[in-house]
Amino acid sequence: MTQINQQQETAPHLPVAVSGATGAQGGATARALLRRGRPVRALTRRPDGPAAAGLRALGAELVHADFDDETSLSAALKGCGALFAMSTPFHTDLATEVRQGIALLDAAAAAPGMGHVVLTSATNADRRTGIPHFESKRRIEEHLAGLGVPWTVIGPGAFMENYANGWTMTSLREGVFPLPMPPGSSLPVISARDIGAFAALVLTRTAEFTGRRVDIAAHWCAPERIAAAISAASGRPIRFQEVPLTVAATYSPDLETMFRYFQETGLDMDVEVLHRDHPEIDWQTIEEWATARKWDL
């Protein structure tokens, strides 16, 4: 294992395969690696799509990959020295997420020369939270740990990007930032940009991170602060409004379970130690993230 890992760190010419490359996390990771001068092979079902074109313009190699096709995955990973792996239950179901995540990891373990796998999961997903989409990620993490390939798991906190899409945007246009959290409570938050930056750091210093699970966030943040940041950045008065857990349940029982866990148990992360240990990451605050966006409110 050590020999493989050292080979990867001394062979920066080998491409890093990035799954989910046309999405938020994978795209940010691909761009961060390219900025570091690392060759990137972006895995996507739509290598000719507009998001793929942007990565290609930056120098990434775009290849077709279907997580339900073993032959496709094997071909996509051939010749790669490392993999950024991710899974998502959204737009699919938890069983599919687990099946596809395991298929990707199995293909990586079988790929000759694969030196390291970085898996992005969720903060505290290894703690048997009972949150359905955390539990699916825990199963994938456990599978990775048993494959014999050098690995690192990163567990991002709450995505800042979730505060600018879907039903949240509908409410923001009405001057309200809704969240099923009490006033004054807080969550560890992080932008996709910082997830990508941290993943790229791991993939360029694999020996330091092999066999480690690292939860990551920019800072703890109260919902009132999120509302204030969006208000200042958009120029539109926004107030925070706590919504009942029953509202989250109308979108999915999974979300209700997650926010109930956040309220009753809470996430656990020492952000100060994280930042002390990794000062090379320019951790983006909620205010900086909001200011960098274009708000259509």
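Note that this is a predicted model, so its numbers are computed, not measured.

Visitor: What exactly am I supposed to notice about the overall build of the chain here?
Guide: In terms of regular secondary structure, the chain is built from 14 helices and 12 strands. A globule of 297 residues ought to have a C-alpha radius of gyration of about 19 Å, and the chain, at 19 Å, matches this closely. Of the contacts formed within the chain by residues at least 6 apart in sequence, a portion of 77% connects residues at least 24 apart. Here the chain displays about 12,900 Å² of accessible surface, and carbon together with sulfur accounts for 52% of that area. The centroid of the 27 positive side-chain charges in the chain is displaced by 4 Å from the centroid of its 33 negative side-chain charges.

Visitor: Looking at this model, I keep getting lost on the nonpolar core. Mind explaining?
Guide: One recurring pattern in soluble globular proteins is that nonpolar side chains are buried together. Formed by 66 residues in total, the largest nonpolar core has its most connected members in Tyr163, Phe177, Phe198, Ile216 and Phe262. In terms of residue count, the dominant contributor to this core is helix α8 (residues 192-204) (seven residues). The contacts of phenylalanine 262, once residues within four sequence positions are left out, are Phe134, Met181, Leu187 and Leu267.

Visitor: Is there a simple way to think about helix α5 (residues 94-110) in this case?
Guide: Owing to its 3.6 residues per turn, the α-helix aligns residues three or four sequence positions apart on the same side. Under the 1.5 Å per step criterion, the end-to-end length of α5 is 24 Å for 17 residues, consistent within 8% with the ideal 24 Å. What α5 keeps buried is the set Thr96, Glu97, Val98, Gln100, Gly101, Leu104, Leu105, Ala107 and Ala108. Packed against the buried residues of α5 are α4 (70-77), β4 (82-85), β5 (116-120) and α6 (132-145). Here α5 starts with a cap whose side-chain oxygen sits 3.1 Å from the backbone nitrogen of alanine 95, and that cap is aspartate 93.

Visitor: What exactly am I supposed to notice about α6 here?
Guide: In this model, α6 (14 residues) spans 20 Å end to end at C-alpha, consistent with the 20 Å of a helix rising 1.5 Å per residue. When α6 is considered as a whole, its buried residues turn out to be His133, Phe134, Glu135, Ser136, Lys137, Arg138, Ile140, Glu141 and Leu144. Those residues of α6 that are buried are in contact with α5, β5, β6 (151-156), β10 (212-216) and α12 (253-264).

Visitor: When you look at the packing of α5 against α6 in this model, what are you seeing that I'm missing?
Guide: Any two packed helices are characterised by the angle at which their axes cross and by the distance between the axes. Orientation of α5 relative to α6, taken along the N-to-C sense of each, is 20°, at an axis distance of 9 Å. Taken as axis vectors, α5 and α6 run roughly parallel relative to one another. For the element pair α5 and α6, the recorded crossing hand is right-handed. Here α5 contributes Leu94, Glu97, Val98, Gly101, Ile102, Leu105 and Asp106 to the contact with α6, which in turn contributes Pro132, His133, Ser136, Lys137, Arg139, Ile140, His143 and Leu144.

Visitor: Looking at this model, I keep getting lost on unusual backbone geometry. Mind explaining?
Guide: Generally, phi is negative for residues other than glycine and the peptide bonds are trans, each holding for most cases. Of note in this structure, asparagine 124 is not a glycine but carries a positive phi near 65°. Note that asparagine 124 resides in the loop between β5 and α6. Take asparagine 124: its relative accessible area is 1%, and that puts it in the buried class. Backbone geometry places arginine 128, a non-glycine residue, at a positive phi of 55°. Within the secondary structure, arginine 128 sits in the loop between β5 and α6. Judged by relative accessible area, arginine 128 falls into the exposed class, the value being 59%.

Cut-off values and rules
- Residues numbered from 1 in each chain as written.
- Predicted model: local features only at pLDDT ≥ 70, side-chain atom pairs only at ≥ 80, totals over all residues.
- Heavy atoms only, no water.
- Helix = DSSP H or I, 4+ residues; strand = E, 2+ residues; numbered from the N terminus.
- Rg over C-alpha atoms; globule rule 2.2 N^0.38 Å.
- Contact = heavy atoms within 4.5 Å.
- Areas by Shrake-Rupley, 256 points an atom, 1.4 Å probe, with all protein chains shown as cover.
- Lys, Arg positive; Asp, Glu negative; His and termini not counted.
- Charge placed at Lys NZ, Arg CZ, Asp CG, Glu CD.
- Core = buried A, V, L, I, M, F, W, Y, C linked by side-chain atoms within 4.5 Å.
- Buried < 20%, exposed > 50% of the residue type's maximum accessible area, 1.4 Å probe, protein only.
- Expected span 1.5 Å × (residues − 1).
- Polar contact = N/O pair within 3.5 Å; in protein donor to acceptor, adjacent residues only side chain to side chain.
- Axes fitted to C-alpha atoms, helices over the stretch in contact; angles between N-to-C directions.
- Parallel < 35°, antiparallel > 145°, perpendicular 65-115°, else oblique.
- Left-handed = near helix turned anticlockwise from the far one by under 90°.

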